[in-house]
Structure formats: structure tokens, C-alpha cells
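Each chain, letter by letter, is given below.
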Amino acid sequence: MAADDKLPETIYDVNTPAFLLDLDVMKKNVARMKETCDRLGVQLRPHMKTHKTIELGEMMTDGTKTCLEVSTLDEAEFYASHGFDDILYAYPITQQKLDRCRRLAEKLEKFHIMVESPESMEALKTTPRGSDKLWSVFLEIDLGLGRTGVEWDSDMALTLAREAANCPGIDFRGLYVHSGDSYGAKGPDQIRQTGKKNTDKLLQLKVRLAEAGVTCATLVMGSTPGCSHPDDSMAQLDTFSPGNYIFFDAMQKRIGSCEEKDIACRVVCRVISHKKSLNKMTIDAGFLAISHDGMELGLPEGPVIFQGHPELKLLGMCQELGSVGTQGEPLDFSKYPIGSLLFVYPHHSCATAALYDKYYVHSGDKIDGIWKPTRGW
């Protein structure tokens, strides 16, 4: 173990800022999602993009190291090199990435890619896998989010699905949806309503495709809010592919996906300066420790949650410093002496985790280990 990886005894002994993961909370989050999928009778294909670690890959796949999802080819190569299989690269494919995909497909028993445009379909047609093997392909569908994917009610969705099903070099697996509009919901009831609406749209498309002679073997839907509080109609889907549920965060709490006790990640930082004349103090965690995500929302309470201190508000950040005040009342500086620790639930755990090259994993206050994520694309 390198000198900078020396294991601190407790969460109070780490150099700040640092990223903490509560092992007991993560285990509960994993068990809850598995129970949800088992109850509905759907396959869980957990997304690795939030944490990008081997340890959590094993935990989220129940030790099987199979049936997972990634958002970068670096992640796919990382997991493949550590004995994982049945990996879905859930990202629109382009010609430039097919050589790396071919190598992964040769190494793994099952490797799946995603198309969403005529250009991506043409790239597959003109770049065969070789050795008489087929590209395993999902068609990404846009249910109205407007990010990536072909519009669910468009003629192009039929065209691309028909091409994929009829192309001799492609094994057409089915439809993939990111139910991103669930992030606009407020509370479990609205989350379930969004899940029902999106499931209805996906099933309507499946019927249209069947009428056109195209069979969809698998319907995949992801998003932590939707999969955390699924509508019963979502039992008609085949696979859930959430990822953020392993950590959750302040954003998920506001949506209603989780409670504060379910948030498994924290940034630990120190108070390093008092500005009594301005009713604020400074912490040693700026946007390179917390990320800017959520600051643009202008939330009255601020984007993050200070554990045990609901009166505190993150006012702003520069690279290495954060400015902390209150939501209007005078700040009691005696409660926050210079050098004291604060524990922050980030607004968006995926963005915050991406800032760290190691995570401190703890049970209770005791540090159990250091886990290292992969980085890159």
C-alpha cells in the first residue's frame, strides 16, 4: 500500500476533503433493489457508472459478476479485465469505437452495444464483428426526454428496429430506455405515475414493432427513481438498469427516491475560516470536492445536505473552497470551530464520486478499506 493509501482508523482521521462510503447502508440499498426486482419478476442489470469499482460491481451483481451495464468503454474494459461478463455498453455507438467494442466482444461471452440512429446502424453494417459472429444490439428509445435515442412514436423507430432485426450481422436483442423524466417527479406517487406512463409507451412501441414483424425479446428501463418506486405495470418489462441507488444523494432525497438514512456517500471536510462580519464560514471543499451540480438550481436550502446541521447552506464554491452560511438566521460560530469536521451529502453522487481517485469505506465510524474506481473513457 502506497504511503498516501495508509488506512486511517476512523472517518475522523482521514485527510480532508475525502469521499466516504457507508458499507452497511450500501448493503441495504443493494438488498432493497434486489427485493424490488424479485417481487416484480424482472432481471436486475445494475449500472456501474456511479461508482466504477470492482467491489461494488461484485456486490450489485450478487457475487455473480455477470449482467451489468456501463457508460464508458473504459468501464467495460475494466470490468472485463476483472472477470465480469454479460456487459451492456449503454451509450450510442459510433464508428470510432467499434474496434474497441470488437475486442471486448471477442473477450467476453456476452457484450452488448446500443444504436439510436441510421449512422450507428450503418457503422455496424459496414463493420462486421468477424469470425461469423454477430453484434448483440439494443435500440435506444427516447420516450420524450430529448437526450439520446430514437423517438418512440416515430417511423424511424420502426425502420431502425426492422433493419437491426433483418441485418445478418446483428443479433437484435430489444429496446433500451433511460426513464430520465422520473428525475422531475416529486414523491413516490409521481415517480410511479412516470413509470406507468413510460412503460405504456414502451409497450405500445413493442406492439407496433410486432405488427411490423419485428420481435423484441427484451425491454430494458433504467433510472434510480423509477426503479426505486416502480409502478406495478413495470412488471411487464424484462430488465431494470438503475445505478445511482447504490449511493443515492441529496437530489434523490428531494425527488422522493430515498430517505436521508439511505444516502451511503458523504464528503467529509473541515471548517478552515470564519467570516463573522458576513455571517459565513469557509470549508476546505470546493467544486473539485463536491462538484457544481445543483448550484444552478438556486434551491433555498442549497444543493447539498449538511448531516446533522439543517440550518447550514452551501452558498458558493471556488476550486478548493466552499462558502457556508445559513438559510437566514445568524450563524452560531461556536458550534463550528476552526478545524472541526462537517459531513456533506452531495447533490449528485455520480458527479461527486467522479472527483475522487479513492473512496474510504467504513462500517460505523471504523474505516474498513480503500476502494479505487476506474477513470477515463
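To be clear, the structure that these remarks concern was listed above.
Read on for a plain summary of the structure.

Looking now at the nonpolar core. Grouped together as the largest cluster of nonpolar side chains are 101 residues, with contacts concentrated most on Leu21, Met26, Ile87, Phe111 and Leu175. Tallying contributions element by element places helix 1 (residues 23-40) first for this core, with seven residues. With residues up to four places along the chain from it excluded, the contact list for Leu175 reads Phe138, Leu139, Ile141, Leu202, Leu205, Leu209, Cys216, Thr218, Leu219 and Val220. Membership of the second largest hydrophobic core comes to nine residues, among which are Leu20, Val268, Phe343 and Tyr360.

What follows concerns the packing of helix 5 (residues 118-126) against helix 6 (residues 155-166). One way to put it is that helix 5 packs onto helix 6 with a least axis distance of 11 Å and a crossing angle of 10 degrees. Considering the angle they form, helix 5 stands roughly parallel to helix 6. Only Met156, Leu160, Glu163 and Ala164 of helix 6 make contact with helix 5, whose side of the interface consists of Pro118, Met121 and Lys125. Taken together, the residues that form the contact of helix 5 with helix 6 break down as five nonpolar, no polar and two charged.

Our next topic: helix 4 (residues 98-107). Those residues of helix 4 not exposed but buried are Leu98, Cys101, Leu104 and Ala105. End-on, the buried residues of helix 4 take up no more than an arc of 115 degrees, which puts them together on one face. Away from its buried face, by an angle of more than 90 degrees, helix 4 presents the exposed residues Arg103 and Lys107. Elements that come into contact with the buried residues of helix 4 comprise helix 3 (73-81), strand 4 (85-92), strand 5 (111-115), helix 5 and strand 6 (135-142).

Turning to empty space enclosed by the protein, a few remarks are in order. Under the criterion given, the structure shown has two cavities of 30 Å³ or more. By volume, the largest cavity amounts to about 90 Å³. For the largest cavity, the lining is made up of 13 residues, of which Ile141, Asp142, Leu143, Leu145 and His178 are closest to its centre. Taken together, the elements giving at least two residues each to the lining of the largest cavity come down to strand 6 and strand 8 (170-178).

The rules we used
Residues numbered from 1 in each chain as written. Predicted model: local features only at pLDDT ≥ 70, side-chain atom pairs only at ≥ 80, totals over all residues. Heavy atoms only, no water. Core = buried A, V, L, I, M, F, W, Y, C linked by side-chain atoms within 4.5 Å. Buried < 20%, exposed > 50% of the residue type's maximum accessible area, 1.4 Å probe, protein only. Helix = DSSP H or I, 4+ residues; strand = E, 2+ residues; numbered from the N terminus. Contact = heavy atoms within 4.5 Å. Axes fitted to C-alpha atoms, helices over the stretch in contact; angles between N-to-C directions. Parallel < 35°, antiparallel > 145°, perpendicular 65-115°, else oblique. Nonpolar A, V, L, I, M, F, W, Y, C, P; charged D, E, K, R; others polar. Arc of directions from axis to C-beta. 1 Å grid on protein atoms, 1.4 Å probe; cavity = no way out; pocket = protein on both sides within 12 Å on 5 of 7 lines; lining within 4 Å. Points joined across faces, edges and corners; volume = space filled by probe spheres on them.

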